[in-house]
Amino acid sequence: MAAATLASNSFPQLKLHSSHSILHSFRPHGIPRRSPLPRLTINGISNAQIGKRAENSRSFGSENGKIYRRLDSCLVIPPAKGKKPKALIKFLGGAFIGAVPEVTYSYLLGLLANEGFLIISVPYNVTFDHEQVTREIYERFHACLDSILTTGLPEISAAEIADLPFYSIGHSNGALLQVLTGSYFCEKIPKANAIISYNNRPASEAVPYFEQLGPVVKQMMPVIETSPVYSIAQTVSVDGLRTLIDVAERVLPGYDPEATMSLTKFVDQLPGVFNQVTQGISEFKPTPSENLDCFKKLYNIPQTLLVKFDFDTIDETDLLEETLKPRVESYGGKLEKVVLRGTHITPCVQEPRWEVGAVYTPTDAIAQRLISVSLNDIRVLSRTISNWFSTL
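Residues numbered from 1 in each chain as written. Predicted model: local features only at pLDDT ≥ 70, side-chain atom pairs only at ≥ 80, totals over all residues. Heavy atoms only, no water.

### Regarding the confidence of the model for the protein
Atom-level detail of predicted coordinates should not be read off regions where pLDDT is low.
So, step 1. Overall, the predicted model of the protein reaches an average pLDDT of 74, with 57% of residues at or above 70.
So, step 2. A low-confidence stretch, residues 48-63 (pLDDT under 50), is modelled with 43 contacts involving residues beyond four sequence positions or located in other chains.
So, step 3. Confidence drops under pLDDT 50 across residues 207-221; counting only partners more than four residues distant or on other chains, this segment forms 19 contacts. (pLDDT = per-residue confidence, 0-100. Contact = heavy atoms within 4.5 Å.)

Dropping the structure here:
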């Protein structure tokens, strides 16, 4: 069922609450509760299973420079040492790269943790069914949160976590999924959304020549399936993968098993995408227009910050602002937009290690200048979001 068909034609004005802790349920009158859908499986691996391979890893991030802890299928990033927690943030990254946020968003997540935020990032596999993956992410996030609220964390008690305000951040496709969450659900939703570089173009625009891609992939699959690489990816068991990891750990100096796990999760998505294309899928579900119609009728997050970058050719923040504004005004909410310097991938910028040689060259100067600019842009992004949350 498309998301837009879930809406009714009239909705009463929502009553906003000044306090919005994690345990507070925000449920506008007259909007029916959504029932969970069956779990989506891609290539034998559901979004609910992402990260399960490492669910027994409980160590926190002072080890090997890691800032996160794996808990079930989520990543938990506590506030920096000595920082009193300000709020809980649910974080979703973009398509494909959202499967490995510990790699692709590590610098941004570290900046937010340094500001005092407790972050739960939910990795997910890319799919054409946005409604299904939104519901699965919602379930996985709250399963992780329920566990934390029961046991607490080494640095923060369960009681402290329960009293924290609850916010969310999404980038690109993750921004879309956060807005969908705020439209599909009325309970256990954040007080505020920070939506970065929103994008929900039709598949034909998001992937150039998409209509021609299906038949081509379908014709190529017999060749792809005979590839040794594809065969290994399809047939290697968990035990076999563990054996390869054990060998690599002994042979490679400075080998990091977590990095291999992240790479594996990233690659795991590719066969599933190929399978969907060969099955004739030619558009996202719901379609972008159906999503916009859903937002107009069902979006119910009290406070929303839209973040747009000044050099982002695929950004659709202005369209989202136009769509959400009447809806947010109807229930007395707050919608703001800021334009920052940067590009669509600014949230994914990492801090590189640039080794200067014995002689400082013009190349070193240029490289260091570019690195400085990129890092400044992402720091401004983190500071902007943090400052905005602190005003709520």
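### Things to note about the environment of Asn376
So, step 1. Its location among the elements puts Asn376 in helix 13 (residues 362-390).
So, step 2. Judged by its relative accessible area of 34%, Asn376 is partly exposed.
So, step 3. On a C-alpha basis, the gap between Asn376 and Thr346 in space is 9.9 Å, while along the polypeptide they are 30 residues apart. (Helix = DSSP H or I, 4+ residues; strand = E, 2+ residues; numbered from the N terminus. Buried < 20%, exposed > 50% of the residue type's maximum accessible area, 1.4 Å probe, protein only.)

### A word on the pattern of salt bridges
So, step 1. Following the criterion strictly, the structure yields nine salt bridges and no others.
So, step 2. Glu115 is the partner of Lys86 in a salt bridge, and the nearest nitrogen-oxygen pair spans 3.8 Å. Taken together, the positions of Lys86 in the loop between strand 4 (74-77) and strand 5 (87-92) and Glu115 in the loop between helix 2 (106-114) and strand 6 (117-121) put the pair 29 residues apart, joining distant regions of the chain.
So, step 3. Note that Asp293 and Lys297 form a salt bridge whose closest N and O atoms lie 3.2 Å from each other. Taken as a pair, Asp293 and Lys297 lie in helix 11 (residues 288-298) at a separation of four residues, close to a single helical turn. (Salt bridge = Lys/Arg side-chain N within 4 Å of Asp/Glu carboxyl O.)

### Some thoughts on the pairing of strand 10 (residues 334-340)
So, step 1. Here strand 9 (residues 303-309) runs beside strand 10; their pairing, made up of seven bridges, is parallel. In the sheet register, Thr304 faces strand 10, and the bridge partner there is Leu335.
So, step 2. One crossover worth recording links strand 9 to the parallel strand 10 by way of helix 12 (residues 317-330), and it is right-handed. (Pairing = 2+ DSSP bridges. Right-handed = clockwise from strand over helix to strand, strands pointing away.)

### What to know about the packing of helix 3 (residues 130-151) against helix 5 (residues 173-184)
So, step 1. Between helix 3 and helix 5, the shortest axis-to-axis distance is 9 Å and the interhelical angle comes to 75°. With respect to their mutual orientation, helix 3 and helix 5 come out roughly perpendicular. On helix 5, the residues touching His130, Glu131, Val133, Thr134, Arg135, Ile137 and Tyr138 of helix 3 are Asn173, Leu176, Leu177, Leu180, Thr181 and Tyr184.
So, step 2. The residue makeup of the contact of helix 3 with helix 5, split by class, is seven nonpolar, four polar and two charged. (Axes fitted to C-alpha atoms, helices over the stretch in contact; angles between N-to-C directions. Parallel < 35°, antiparallel > 145°, perpendicular 65-115°, else oblique. Nonpolar A, V, L, I, M, F, W, Y, C, P; charged D, E, K, R; others polar.)

### What to know about unusual backbone geometry
So, step 1. Residues Lys285 and Pro286 are joined by a peptide bond in cis, for which omega reads -10°.
So, step 2. Residue position: Pro286 is located in the loop between helix 10 (257-278) and helix 11.
So, step 3. Phi is positive for Asp72, close to 55°, though the residue is something other than glycine.
So, step 4. With respect to the helices and strands, Asp72 occurs in the loop between strand 3 (69-71) and strand 4.
So, step 5. Residue classification places Asp72 among the partly exposed residues on the basis of a relative accessible area of 24%.
So, step 6. Phi is positive for Lys188, which is not a glycine, with a value near 55°.
So, step 7. By the element assignment, Lys188 lies in the loop between helix 5 and strand 8 (192-196).

### Focus on helix 12
So, step 1. With 14 residues, helix 12 should cover 20 Å at 1.5 Å per step; its first-to-last C-alpha distance of 20 Å lies within 8% of that length.
So, step 2. Along helix 12, the sharpest change in direction is near 35° and occurs at Leu324; proline Pro326 comes one to four residues later.
So, step 3. Buried-residue contacts for helix 12 involve helix 5, strand 8, helix 11, strand 9 and strand 10.
So, step 4. Positioned one or two residues after helix 12, Gly332 has a phi angle of 75°, which is positive. (Expected span 1.5 Å × (residues − 1). Bend = angle between axes of the 7 residues up to and from the residue.)

### As for the environment of Ala95
So, step 1. Turning to its location among the elements, Ala95 is positioned in the loop between strand 5 and helix 1 (101-104).
So, step 2. By relative accessible area, which is 32% here, Ala95 ends up partly exposed.
So, step 3. Once the C-alpha coordinates of Ala95 and Gly174 are considered, the two residues, 79 residues apart in sequence, prove to be 7.1 Å apart.

### Quick look at the packing of aromatic side chains
So, step 1. The full count for this structure, using the stated rule, is seven aromatic pairs.
So, step 2. Ring plane angle 70° and centroid distance 5.9 Å describe the contact between Phe117 and Phe389, whose orientation is recorded as edge-to-face. On the criterion of sequence distance, the pair formed by Phe117 in strand 6 and Phe389 in helix 13 is long-range, its members being 272 residues apart.
So, step 3. Residue classification places Phe117 among the buried positions, given a relative accessible area of 2%.
So, step 4. Put simply, the rings of Phe117, Tyr167, Trp388 and Phe389 touch in pairs and so form one group of aromatic residues.
So, step 5. Seen from the ring of Phe141, Lys90 lies directly overhead, with NZ or CZ sitting 5.7 Å from the centre.
So, step 6. For the cation-ring pair, Arg135 lies above Tyr184, with the distance from its terminal atom to the ring centre recorded as 4.7 Å. (Phe/Tyr/Trp six-rings, centres within 6.5 Å; stacked < 30°, edge-to-face > 60°. Lys NZ or Arg CZ within 6 Å of the ring centre and 35° of its normal.)

### Things to note about the sheet that holds strand 7 (residues 166-171)
So, step 1. Reading across from one edge, 3-4-6-5-7-8-9-10 is the order of the eight strands in this open sheet, with mixed pairing throughout. Taken across any chain shown, the strands that pair with only one partner, and hence form the sheet edges, are strand 3 and strand 10. Ignoring which end each strand starts from, the neighbouring axes of this sheet average 20° apart.
So, step 2. Against the sheet, helix 5 contacts strand 5, strand 7 and strand 8, and its axis sits at roughly 140° relative to strand 7.

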